[in-house]
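# Observations on chain architecture
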Amino acid sequence: MRVLFLGRERATMSGVAKSALGALAALLLASSPAVGEYFPDLLLNGACDAAGFLNGLRFEMKGRTYSGAPWFKATTSANYIYWDPDCGGGGDGQPRWILDNNEPDILKLRDLDGDGRCDYYARMDSTDKSRPPTSTFWMMRCGGVKAESRLITLADITTTLTTTTMTSTSTTVSTTTISSTSTSSTTTKTSTSTTSTTKSSTTSTATSTTATFTGTSSTISSTTSTTSYTGTSTTRTTSTTTTTLMKLRLTGVCPYKYFLEGLTFIQEGYTASGARWFKAAEDE
């Protein structure tokens, strides 16, 4: 590899360096979902009894593999859904979606679980790598020698968050009380006058007069009390999970059972094993 160039000579990059840069780019692309990218969680149902532990599992998108396809992991166990263009790694395999307990290697182009063979719980052949199908038949290992065809559903799960905010109001009430106190004071003034006359031997005594003055002094005091009421702001968050229900239409019935032709079956719920069950809709 040349590391310097002068004039018209251009630097070249070895195959090893190119591979390293390609691997780095794939790692940055696939390590996690892109900013702002949204992919709903998937709810799996329809597995046979031998693989019944898969029913009801919720799969969350973890990122994208080297091919750009999304890959998923169960939220409560080590089970995975991913797209592999060649699970055997021989270069001539059939592209397919795979349900497995081995985590895919996001830097590999093919044989993502690295076992050199196609060994998994179930597979669905498809060249569409944008997402696993919502409802279709998968070939699943159910304990027998041969794989069985099972209708597997991967319903989108949408979570809606509703936030309710309560706003409080603070009120202040002021009360003023005025009290009046009266104080009385009394002042007494006494005047006495005495006159003596010798000739007439008359003695005159003046009358003592007492004058009373009463005054009133008033004191006014003011008292102010303040009462405050403080509210509490509360935020409540409600999480609502919506699961998509299925509707199926039956066609291809033999003449003997032709009354079933064209009937629409609507999902009513789930059995104890986690499988969906349906009921024919009444004629509209």
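Everything numeric here is computed off the predicted structure, so don't read it as measured data. (Residues numbered from 1 in each chain as written. Predicted model: local features only at pLDDT ≥ 70, side-chain atom pairs only at ≥ 80, totals over all residues. Heavy atoms only, no water.)

### Some remarks on the pattern of salt bridges
Quick note on the threshold: For this analysis, a salt bridge means a side-chain nitrogen from Lys or Arg found within 4 Å of a carboxyl oxygen belonging to Asp or Glu. The numbering of helices and of strands both runs from the N terminus, where a helix is a DSSP run of H or I of at least 4 residues and a strand a run of E of at least 2. For every residue, the accessible area obtained with a 1.4 Å probe (protein chains only) is divided by the maximum for its type, and the residue is called buried under 20%, exposed over 50%, and partly exposed between those limits.
Overall, the coordinates contain seven salt bridges when judged by the stated rule. With a shortest N-O distance of 3.0 Å, Arg96 and Asp125 are connected by a salt bridge. Placement of the pair is Arg96 in strand β5 (residues 96-100) and Asp125 in strand β6 (residues 122-125), with a sequence separation of 29 residues. By relative accessible area, which is 10% here, Arg96 ends up buried. For Asp125, a relative accessible area of 34% puts it in the partly exposed group. Its salt-bridge partner being Asp156, residue Arg131 comes within 3.2 Å of it at the nearest N-O pair. Separated by 25 residues along the polypeptide, Arg131 in the loop between β6 and β7 (135-140) and Asp156 in strand β8 (residues 148-166) bring together distant segments of the chain.

### Quick notes on the pairing of strand β2 (residues 58-64)
Here is the rule we go by: For two strands to count as paired, DSSP must find a minimum of two bridges between them.
As paired strands, strand β1 (residues 41-45) and β2 are joined by two bridges and run antiparallel to one another. Opposite Leu42, over in β2, you have Phe59 as the bridge partner. Pairing geometry for β2 and strand β3 (residues 70-74), over five bridges, is antiparallel. For Gly63, the partnering residue across the bridge sits in β3 and is Trp71.

### A few points about the sheet that holds strand β16 (residues 276-280)
Heads up, the rule is: Every axis corresponds to a line fitted to the C-alpha atoms, with the helix fit spanning only the stretch in contact, and the corresponding angles, defined between N-to-C directions, vary from 0 to 180 degrees.
The three strands are arranged β14-β15-β16 in an open sheet whose pairing can be described as antiparallel. Strands at the two margins of the open sheet, each flanked by one partner only, are β14 (247-249) and β16. Looking at each pair of strands side by side, their axes are set apart by 35 degrees on average, direction ignored. Where strand β15 (residues 264-270) meets β16, five bridges bridge the pair, whose relative direction is antiparallel. For Tyr270, the partnering residue across the bridge sits in β16 and is Arg276.

What is shown is where atoms sit, not what they do.
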